Amino acid sequence: MLSSRALTAFVLVIGLLTAGVVAGTTVVDLDGDGRSVVTEVRDGTAPLEADTDGDGLDDDVESRLGTDPTAVDTDGDGLEDGTEVNEYGTDPTATDTDGDGLDDSVEVGEYETDPTVADTDGDGLTDGLEIEAGTDPNDSDTDDDRLNDAAERREYGTDPTDPDTDGDGLEDGMEQRLHGTDPTAADTDGDGLDDGAEVDEYDTDPTDPDTDGDGLEDGTEVHRGDRLPDADPLRTDVYVEIDTMEGTDLSEAEADRIVDRFADAPLDNPDGSTGADLHLVFDETVPWDRETDVDDLTQYRSQYFDGSGAGYHYLVIVNDVAGGTATTNVIGKVTLGTMMVEAQPERHETGSTAMHELGHSLGLSNGDFDGIDSDQYAFTQYPSVMNYNAPSDYYGFSTGGGDRDFDDWGYLGESLFTPDTTSVAVE
């Protein structure tokens, strides 16, 4: 039997002789691959095999493509040269035709991505990055949530197979791109309302637990109508529980005047309205006492205050506030959230004093403006019930504007104090 080298030499001789007989210019191509015997012998290909390496490409084609006709997989990417050219359209001389960080064979065999397109799904992320992120690079948005998969996996920690990772009713992409919410947390702001409900049902801000800034969280206002009747997460709400001592009262007419002043307040609300809803809840009658001091007030609060922990301010109308002298009568005392007002001979005086003390309970103090609890400014300079020079029948807070004026309402709009709400918090 002839060796392969001897066979090649024999073929060469025959080819040369044949060439001479046929014509001086005739190319002898015994295997029909478009290459002469001399060329094949020179290049080490088989003159009797059109496809020396059996990769699906004839030797002359490989010569034109720059591949190695003696190697099945020129670029060593795991795909035969013929398969790359004829089936996938990839470059058999480059392991990663599209430069996306994935070898052609990996794209074809493992991920079923397009090895000729760096970004198979057209989502702006190359396949290699998406594969690295653990997402499906065949789908720019695997779960149809409008958020690129790689971004979900690498940047947001979301599930690229679920359009709503946190199950809050908002698709992940919408959360990130439109609402600024966390697609991995159903309740981004922790206010007791799922983000989807805030956006689609209540029009509240899912990134702010207290959309209207009244100190009551949105979930509390929506779900705790049992404790906070008529609360609105899009309007400022203030709740006051009022207990009255036997023989005293805050008349309904005077209470309504205070409520009306809050309704007309220059406070902007998220729903486009202005004003605040003041909820005055008359509760219990406490036993008559000749004089009430701060310790007594603490006892009343402990015994009678039903709105504790629910965001309510507490007001007690009493017979006489302790601390008066022969020349000065103290008619009100207050700490943040707790007030007592001495009933006055004229009902409007009781009501005006109640509004004054409510101003303190909400946060207005002499530390913010020296005209509060002072008579140093004329009422025309500081037209507020917080001014000791205010008429006894005056109800209202100032709006600023003058050289000596202070914007009571503006301050409350920014710094409204709301008492403890732990008993109405919504998980």
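Chains are numbered independently. Their residues run from 1 in the order of the written sequence. Only residues with pLDDT of 70 or above have their local features reported here, since the model is predicted, and side-chain atom pairs are shown and tallied only from 80 upward, although totals for entire chains, interfaces and linings are computed over all residues. Values shown for side chains rest on all heavy atoms present in the structure; no hydrogens or waters enter the calculation.

A. Local environment of helix α11 (residues 252-263). A helix here means a DSSP run of H or I that spans at least four residues, while a strand means a run of E at least two residues long, and both kinds are numbered starting from the N terminus. Multiplying 1.5 Å by the residue count of a helix minus one yields the expected span of that helix. Taking 1.5 Å as the rise per residue, α11 with twelve residues should run 16 Å; its terminal C-alpha atoms sit 16 Å apart, in good agreement. Remark: exposure states derive from per-residue accessible area (1.4 Å probe, protein chains only) relative to the maximum for the residue type, with buried under 20%, exposed over 50%, and partly exposed in between. Among the residues making up α11, those that are buried are Glu254, Ala255, Ile258 and Phe262. An end-on view of α11 places all buried positions within 105° of arc, on one side of the element. In this structure, the buried residues of α11 make contact with β2 (276-286), α13 (347-362) and α14 (408-415). Directions pointing from the helix axis toward each C-beta atom define the arc. Note on contacts: a residue pair qualifies if any of its non-hydrogen atoms lie within 4.5 Å across the two residues.

B. Representation of the pairing of β2. A pair of strands is labelled paired if DSSP reports no fewer than 2 bridges between them. As judged from the nine bridges shared by strand β1 (residues 236-245) and β2, these two strands associate in the parallel manner. Opposite Ile242, over in β2, you have Phe282 as the bridge partner. Looking down the strands as they point away from you, a crossover is right-handed if its path from the first strand over the helix to the second goes clockwise. Where the polypeptide runs from β1 across α11 and back to β2, its parallel neighbour, the crossover connection is right-handed.

C. Highlighting the sheet that holds strand β4 (residues 332-335). Spatially, the five strands line up as an open sheet ordered β2-β1-β3-β5-β4, and their pairing is mixed. Both outer strands of the open sheet, β2 and β4, are each paired with one neighbouring strand and no more. Neighbouring strand axes in the sheet, compared pairwise and without regard to direction, differ in orientation by 20° on average. Pairing analysis gives four bridges linking β4 to strand β5 (residues 338-342), with the strands arranged antiparallel. Note that in β5 the partner of Gly332 across the bridge is Val341. For helices, the fitted axis covers only the stretch in contact; all axes are lines through C-alpha atoms, and the angles between them, taken along N-to-C directions, range from 0 to 180 degrees.

D. Up close: the environment of Asp162. Inspection of the secondary structure assignment puts Asp162 in the loop between α7 (149-156) and α8 (172-179). Accessibility expressed as a relative area gives 28% for Asp162, which makes it partly exposed. Taking the C-alpha atoms as reference points, Asp162 and Asp172, separated by ten residues in sequence, lie 8.6 Å from one another.

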